[in-house]
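Structure assessment
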Amino acid sequence: MSSRDFAEVVDQIRKESPRFDRGAYFFVKQALDHTLKSVKKESDGRVGRHVSGQELLSGIREFALSQYGPLAFTVLDRWGVRQCEDFGEIVFNLVEYGVLGKTEQDRREDFAGGYDFREAFVRPFQPAQARSRRLTGLEEAGE
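I will try to describe carefully the structure that is included in this document.

Scoring rules and cut-offs
- Residues numbered from 1 in each chain as written.
- Predicted model: local features only at pLDDT ≥ 70, side-chain atom pairs only at ≥ 80, totals over all residues.
- Heavy atoms only, no water.
- Helix = DSSP H or I, 4+ residues; strand = E, 2+ residues; numbered from the N terminus.
- Buried < 20%, exposed > 50% of the residue type's maximum accessible area, 1.4 Å probe, protein only.
- Contact = heavy atoms within 4.5 Å.
- Areas by Shrake-Rupley, 256 points an atom, 1.4 Å probe, with all protein chains shown as cover.
- Axes fitted to C-alpha atoms, helices over the stretch in contact; angles between N-to-C directions.
- Parallel < 35°, antiparallel > 145°, perpendicular 65-115°, else oblique.
- Nonpolar A, V, L, I, M, F, W, Y, C, P; charged D, E, K, R; others polar.
- Expected span 1.5 Å × (residues − 1).
- Polar contact = N/O pair within 3.5 Å; in protein donor to acceptor, adjacent residues only side chain to side chain.
- Salt bridge = Lys/Arg side-chain N within 4 Å of Asp/Glu carboxyl O.

Re the overall build of the protein chain
Scanning the protein chain for helices and strands turns up 8 helices and 0 strands. Counting from the amino terminus, the protein chain carries its helices and strands in the arrangement α-α-α-α-α-α-α-α. Each of the 143 residues in the protein chain was classed as buried or not, and the buried ones make up 34%. In the protein chain, of all internal contacts separated by at least 6 residues, the share reaching a separation of at least 24 is 63%. Put simply, the protein chain shows about 8800 Å² of open surface, and 47% of that area lies on carbon and sulfur atoms.

Quick look at the structure:
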């Protein structure tokens, strides 16, 4: 499918359900490509391996951090993506429009509870002192 065709599909999806910014769809597509390349390297170059929802979430996190760094949380939020389940909704919207494929075992629920967005996209950029304070509970105790 060409980029133009993908853009048209995204516009069509958003006409019916404008919940997510169109950038989120392009990002998920790019993150899937990134994840497939990573999985291919790990599987000694074998082609055609299916990516699970949890594997995709991991790839999405890695890709978002590499592309947007400390702004990842803000960019995703701006697009209306605020939890892992939102990635699942985007993926399954693309599945329903025939852009992505799925197996019989794939479900939207595969994206549930993947990771906390603040922990995944904000915490890596906090100063070490703030992270250690948070881990020890001092921050919550007001110290």
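Now that the structure is up, let's keep going.
What to know about the packing of helix α2 (residues 22-42) against helix α5 (residues 84-96)
The interhelical angle for the contact between α2 and α5, taken along N-to-C directions, is 85°, at an axis separation of 10 Å. By the angle between their directions, the pair α2 and α5 is classed as roughly perpendicular. Here α2 contributes Ala24, Tyr25, Phe27 and Val28 to the contact with α5, which in turn contributes Phe87, Ile90, Val91, Asn93 and Leu94. Taken together, the residues that form the contact of α2 with α5 break down as 8 nonpolar, 1 polar and no charged.

A look at the environment of Leu56
With respect to the element layout, Leu56 can be found in helix α3 (residues 53-68). Here Leu56 falls in the buried class, since its relative accessible area comes to 6%. Placed 17 residues apart in sequence, Leu56 and Val39 show a C-alpha to C-alpha distance of 9.9 Å. Excluding its chain neighbours within four sequence positions, the residues that come into contact with Leu56 are Ala31, Leu32, Thr35, Val51, Val91 and Phe111.

So, α3
A rise of 1.5 Å per residue sets the reference length of α3, with its 16 residues, at 22 Å; its end C-alpha atoms lie 22 Å apart and thus fit the reference within 8%. Among all positions of α3, only Gly53, Leu56, Leu57, Gly59, Ile60, Phe63, Ala64 and Leu65 are buried. In this structure, the buried residues of α3 make contact with α2, α4 (72-78), α5 and α6 (117-122).

A short note on α2
The first and last C-alpha atoms of α2 sit 31 Å apart over 21 residues, in line with the 30 Å expected at 1.5 Å per residue. By the burial criterion, the buried members of α2 are Gly23, Ala24, Tyr25, Phe27, Val28, Ala31, Leu32, Thr35 and Val39. Capping the start of α2, Asp21 holds a side-chain oxygen 2.8 Å from the backbone nitrogen of Gly23, two or three residues further along.

Side note on the pattern of salt bridges
Any two side chains of opposite charge can pair, given that their charged atoms come close. One pass over the structure, following the stated rule, counts 6 salt bridges. Its salt-bridge partner being Arg22, residue Asp11 comes within 3.1 Å of it at the nearest N-O pair. Here Asp11, found in helix α1 (residues 3-16), pairs with Arg22, found in helix α2; they are 11 residues apart in sequence, far enough to count as distant. Taking the relative accessible area as the measure of exposure, Asp11 reaches 34% and is therefore partly exposed. Here Arg82 ties to Asp77 by a salt bridge, and the two come within 2.6 Å at their closest N and O atoms. Salt bridges here are not isolated pairs; linked through shared partners, they connect Glu89, Glu96 and Arg108.

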